[in-house]
Every structure is written in structure tokens, then in C-alpha cells.
Amino acid sequence: MSGVNEIRSTFLDTFAKAGHAVLPSSSLVPKNDPTLMFTNAGMVQFKNVFTGVEKRPYSKATTAQKCVRAGGKHNDLDNVGYTARHLTFFEMLGNFSFGDYFKAEAIELAWNLITKEFALSPENLLVTVYADDDEAAGLWRRIAGFPDGKIIRIGTSDNFWQMGDTGPCGPCSEIFIDRGPGFAGGPPGSPDEDGDRFLEFWNLVFMQYDQVAPGDRRPLPRPSIDTGMGLERMASILQGVPTIYETDLFRSLIEAAAHALGRGPQADNAASYKVVADHLRSTAFLIADGVLPSNEGRGYVLRRIMRRAMRHLELLGTREPVMYRLVPTLVAEMGRSYPELMRAESLIAETLRLEETRFRRTLERGLAILDAESRDLGPGQNLSGETAFTLYDTYGFPLDLTQDALKNRGIGVDTDAFDAAMERQRQAARAAWSGSGEAATETVWYAIRERVGATEFLGYETETAEGIV
Ligand code: ATP
Ligand code: MG
Ligand code: MG
Ligand code: MG
């Protein structure tokens, strides 16, 4: 059986043998890139190398990159705990060619790795290519021996990768495994493609163009390669388990949580354990990279993740801070691969304990209000935006926590009214500020938010560089 640590080193060693420089993961906080909330793909640290702005002493590289997708365009927060394949924090294994090899070698390297090193059987594999990419389709026919039925052509943005409005871009080819009729769902491109049967695990991007300006796309002088394989997804495949959460690492985390709570996971609370395990990882890695919970920007995304986990722990019946007690298990599992976790261990535990203690004071009261106000609501109905705003403003409930709490019952939130209440408070704060000599912290904060824009504050929709691979 292949544990995550073994899979990671097999990937890196294979590409090292093929002449790739093995480089460390970059920070979750992208350097000099205010357009991106968090590093969300392996290519982020190489953006300028692809465009030729930056030169490196190697033309091929391989990494295991820490990624967080919990804000901006690639937001998987709402999927976590509910789909078999999404995490907010995950590791993306990648190989990169900066004007060195291109499509044929990229496909060959990928095919050899998955069928030889990882020994996946070719019958269960299939791929997608961009609709008009005859070259990639031809290569898959030749290298993998696939019939046309296993080379699915997709004409949407799913198979054309773009860094943003401008920058390097190109068609991509995704590799899927068919896990058989025991799982629900159809092949990529079909109406029920979001089921669990066909699992995407690797994306090969053929960097071919530079989008100089909207409507002006030119061929790159040196076509490049950017790939991303989800480590945890590969672990679920190699370990033969139906979801990411049943892999070795997640089993340890979930067991540690069950132990700390003095009870075991049951079918009806499984999602809560999954959310706690995932959110523990994103929290710990974000703190290790210097993000601390706050009311704005990246810190607010972190706070939202922490508080969501705390509500799920409350659902599991705890009245005491628990998250901080799980940190040693995470460090034992991942600290050797990511020494920053070991260095930050006490900061992570202490930050969690403080946040848990503080939020606990309002969590129970807020949940009681949420219960009372949603008691008469049914599927398809909305909680009032005023209530959601009170929960946000007085009880510290991020909007997405409230939405997550109502999701199981099919109840939504009137977000227009929530936004309107937020806007009214902002107006009132502004009026109060212009009238008084000394500004309270809150009003200064609202003024700053006005300048930097509300999206910075909420951490939504600010990304232009998408960093999808
Ligand atoms: P999906 O369609 O399943 O949401 P994606 O197309 O958004 O995945 P890519 O942007 O192509 O994913 O990222 C490359 C690889 O990273 C994916 O093939 C997958 O193996 C992995 N990956 C992407 N998002 C996640 C996630 N939220 N959790 C775990 N692994 C992920
Ligand atoms: Mg996705
Ligand atoms: Mg996809
Ligand atoms: Mg993809």
C-alpha cells in the first residue's frame, strides 16, 4: 500500500531521474502577487518563468506544492466534506518544462509514471483534450493506445487553461480513472460528470500562447508544460478507498478527532469529521506561512475556515476547544515533509486555542438564534438577511458558516438583504466618522475597506490570476 509520503517521493524521484530540478513548495501566500489570495496551483511560483520575465538555471522542474482553494475563483470550501474529492488544503504534484519538452514528452512521462510506477491499469484510464487539439488526441492514441472513445474532446474552459485575462495559456488534457459501476456518475463532458465514478487526478497544460491583451493572443516563443496531480486523490486511488478522507493521513486525523471527543465517527456525522480534518490542515499550513486570523483579507478567510470547523465540532457535541489538541497528530504525519509545521507547532496550537476559546463565547448563543429563526423554514426557503447579518455582526458568524449550517436542510440565506444590511452599517459608520473628531477602530476600518474594496475584505472574487493547472 502506498502512503502519501511514499507517493510524493515516487513522483519527485521519477521526474528527478528524468532531469528535473526538485524544488521546494513555495509559500501559500504568493510573493509579490496581490491578485491572488492563496497559492492554488503548482505553477504559481513559476508564472514569470513561463512568460520569460524571469530566468532560472534549469529548464525542467518538479515540485510538491501546498495549495489552498478557499477563496476567489477556485473556491472548494463548500465542497469539502460533501464530495469525495475536494479539500481546501491539498498538495499538487507537478512537473514543469520551461521551453524544454512539449506535448509528446509530457504525455509520455505522465503515461509511464501512472502505468509503470503507480501501476494503474490502462483499461480504467481515459483522458480529455481540448476540442480542436488533434495533436494531443493523436499522441494519446499513439502513446497509450487509446481508441477515440477514451479521448474525450471538450470545448469549454475546463480544457483551456488561462492564468487570467492576460499571461500564458493553452489547451490542457486531463487524466481520469473510471472506478466502475459501483460509483454513480458519468464520464467527463456528460450531464452527470460531477459524480464519483470518473475521478480526475492529473491535468497536463500545454502552455502555448501568451494572451498579451484581451483579443490579442500570440504563440509563445517557447511552448512550455505545466502539470498538476492531486496527491490525496492519487492516494485514494492507490489505496483503493472511495474518498480522499479514507486515505492513511485522513484516517489518522479523524481518529485523533474521535479520540479527543471520546466517541467514534458515525454515518450521520461523517461530514463533520471530514470538515474538521480538512480545515485543521488548511488552518495549520496557513498559520505556518504567516497568516493569522483577522477581520480582513487572507486572515478573514483563515478565520472563516477555523470557525466553520468549530461549528462542526459543536455539532459533534463538544463544549471544549478541541482543534488545538489535534495539532500533534498533524505534525507527526506531515512535519517531516514540511518542517515549517514543526517550527510553527506551538504558534498553531496557541492560535487555535485562543480562537476556539473566543468564538465559543458567542457560538452557542448564535446557534440558538439560528435555530429559532430557521425553525419554520423548509427546503427552498431563505433565512432572512437581517438575521444572517446579526449573526455575522454580533455573534461572529461568517456568512458561509451560516449557509453551511442550513445547507443540510436545503435552506438558503437572503444574501441580497445581507449585503444591504452590511451596506447600511457601512453608511452609518461613515456618517458617524465624519461627524466626530476621533475615529473608533471600527469606523477607520470601514474607511479602509472602502478604499481597498469590499472584495479584499471578504476574500471573494479578487483573483484575476487563476493559477489553475
Ligand atoms: P475538479 O474538476 O475535480 O474540481 P480541477 O479541474 O478544478 O478539479 P485543476 O485545477 O485541474 O483541478 O488542478 C489539478 C489537480 O489538482 C486536479 O486534477 C486534482 O487532482 C487536484 N485538485 C484540484 N482541486 C482539488 C481539491 N480541492 N482537493 C484536492 N485535490 C484537488
Ligand atoms: Mg475544481
Ligand atoms: Mg476539473
Ligand atoms: Mg482540472
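Reading the values: rules and limits
- Residues numbered from 1 in each chain as written.
- Chains lettered and ligands numbered in written order.
- Predicted model: local features only at pLDDT ≥ 70, side-chain atom pairs only at ≥ 80, totals over all residues.
- Heavy atoms only, no water.
- Helix = DSSP H or I, 4+ residues; strand = E, 2+ residues; numbered from the N terminus.
- Rg over C-alpha atoms; globule rule 2.2 N^0.38 Å.
- Buried < 20%, exposed > 50% of the residue type's maximum accessible area, 1.4 Å probe, protein only.
- Contact = heavy atoms within 4.5 Å.
- Lys, Arg positive; Asp, Glu negative; His and termini not counted.
- Charge placed at Lys NZ, Arg CZ, Asp CG, Glu CD.
- Near = heavy atom within 4 Å.
- Polar contact = N/O pair within 3.5 Å; in protein donor to acceptor, adjacent residues only side chain to side chain.
- Areas by Shrake-Rupley, 256 points an atom, 1.4 Å probe, with all protein chains shown as cover.
- Nonpolar A, V, L, I, M, F, W, Y, C, P; charged D, E, K, R; others polar.
- Core = buried A, V, L, I, M, F, W, Y, C linked by side-chain atoms within 4.5 Å.
- Phe/Tyr/Trp six-rings, centres within 6.5 Å; stacked < 30°, edge-to-face > 60°.
- Lys NZ or Arg CZ within 6 Å of the ring centre and 35° of its normal.
- Salt bridge = Lys/Arg side-chain N within 4 Å of Asp/Glu carboxyl O.

Draft legend 1. Up close: the overall build of the protein. Along its length, the protein carries 16 helices and eleven strands. Since a compact globule built from 469 residues should have a radius of gyration of about 23 Å, the 23 Å found for the protein is in line with a globular shape. The buried share of the protein, reckoned over its 469 residues, is 55%. Sequence separation of at least 24 residues holds for 73% of the intrachain contacts in the protein that already meet a minimum separation of 6. With 50 positive and 64 negative side-chain charges, the protein shows a spacing of 3 Å between the two charge centroids.

Draft legend 2. How the structure looks around the site of ligand 1. The environment of ligand 1 is made up of 17 residues, and the closest members are D76, R85, H86, L87 and E200. Note that a nitrogen atom of ligand 1 is positioned 2.9 Å from one of the backbone N or O atoms of L87. Between ligand 1 and F201 there is a distance of 3.2 Å, counted from an oxygen atom to a backbone nitrogen or oxygen. Calculation on ligand 1 without its partners gives an accessible area of 590 Å², and the protein chains cover 89% of this total. Of all the secondary structure elements, the ones that give two or more residues to the shell around ligand 1 are strand 3 (89-97), strand 8 (198-213) and strand 9 (216-230). It is strand 8 that provides the largest number of residues to the shell around ligand 1, a total of four residues. A breakdown of the residues in the shell around ligand 1 according to their chemical character gives seven nonpolar, four polar and six charged.

Draft legend 3. Structural context of unusual backbone geometry. Non-glycine residue A119 carries a positive phi angle of around 55°. Checked against the element boundaries, A119 lands in the loop between helix 3 (103-117) and strand 4 (125-130).

Draft legend 4. Quick peek at the nonpolar core. If you look at the biggest cluster of nonpolar residues, it comprises 133 residues, and the most contacted ones within it are I114, W140, F201, W202 and M229. Aside from chain neighbours lying at most four places away, what touches W140 is I107, W111, V127, V129, G145, F146, I151, S173, I175 and L204. Grouped together as the second largest cluster of nonpolar side chains are five residues, L126, I152, I154 and F176 included.

Draft legend 5. Examining helix 5 (residues 231-238) more closely. With seven of eight residues buried, helix 5 lies mostly within the body of the structure. Every buried residue of helix 5 is accounted for by L231, E232, R233, M234, A235, S236 and I237.

Draft legend 6. Structural context of the packing of aromatic side chains. Scanning the entire structure with this criterion turns up 19 aromatic pairs. Each ring, one from F46 and one from F96, has its centre 4.7 Å from the other, and the planes form 50°; the classification is tilted. Taken together, the positions of F46 in the loop between strand 1 (21-22) and helix 2 (47-51) and F96 in strand 3 put the pair 50 residues apart, joining distant regions of the chain. Classification of F46 as buried rests on a relative accessible area of 0%. When the ring of Y58 is compared with that of F98, the centres are 6.5 Å apart and the planes differ by 45°; the resulting orientation is tilted. Taken as a pair, Y58 in the loop between helix 2 and strand 2 (60-68) and F98 in the loop between strand 3 and helix 3 lie far apart in primary sequence, 40 residues in all. For F98, a relative accessible area of 4% puts it in the buried group. By the ring-pair criterion, three or more aromatic residues cluster together here, those being F46, F50, Y58, F96 and F98. One residue, K407, lies across the ring of Y82, its end atom 4.1 Å from the ring centre.

Draft legend 7. Spatial organisation of the environment of T156. Assignment of secondary structure puts T156 in the loop between strand 5 (151-154) and strand 6 (160-162). With 25 residues separating them along the chain, T156 and A131 place their C-alpha atoms 8.1 Å apart.

Draft legend 8. Just the pattern of salt bridges, in detail. For the coordinates displayed, the defined rule picks out 25 salt bridges. The shortest N-O distance in the salt bridge between E340 and K66 comes to 2.5 Å. Note that E340 is positioned in helix 10 (residues 339-343) and K66 in strand 2, a separation of 274 residues in sequence. Per residue, the accessibility class of E340 equals that of K66, and both read buried. Between E355 and R303 there is a salt bridge whose closest N-O contact spans 2.8 Å. Note that E355 is positioned in helix 11 (residues 345-374) and R303 in helix 8 (residues 297-315), a separation of 52 residues in sequence. The same class applies to E355 and to R303, which are both buried. Connected through salt bridges with shared partners, the residues D78, R304, R308, R311, D400 and D404 form a single ionic network.

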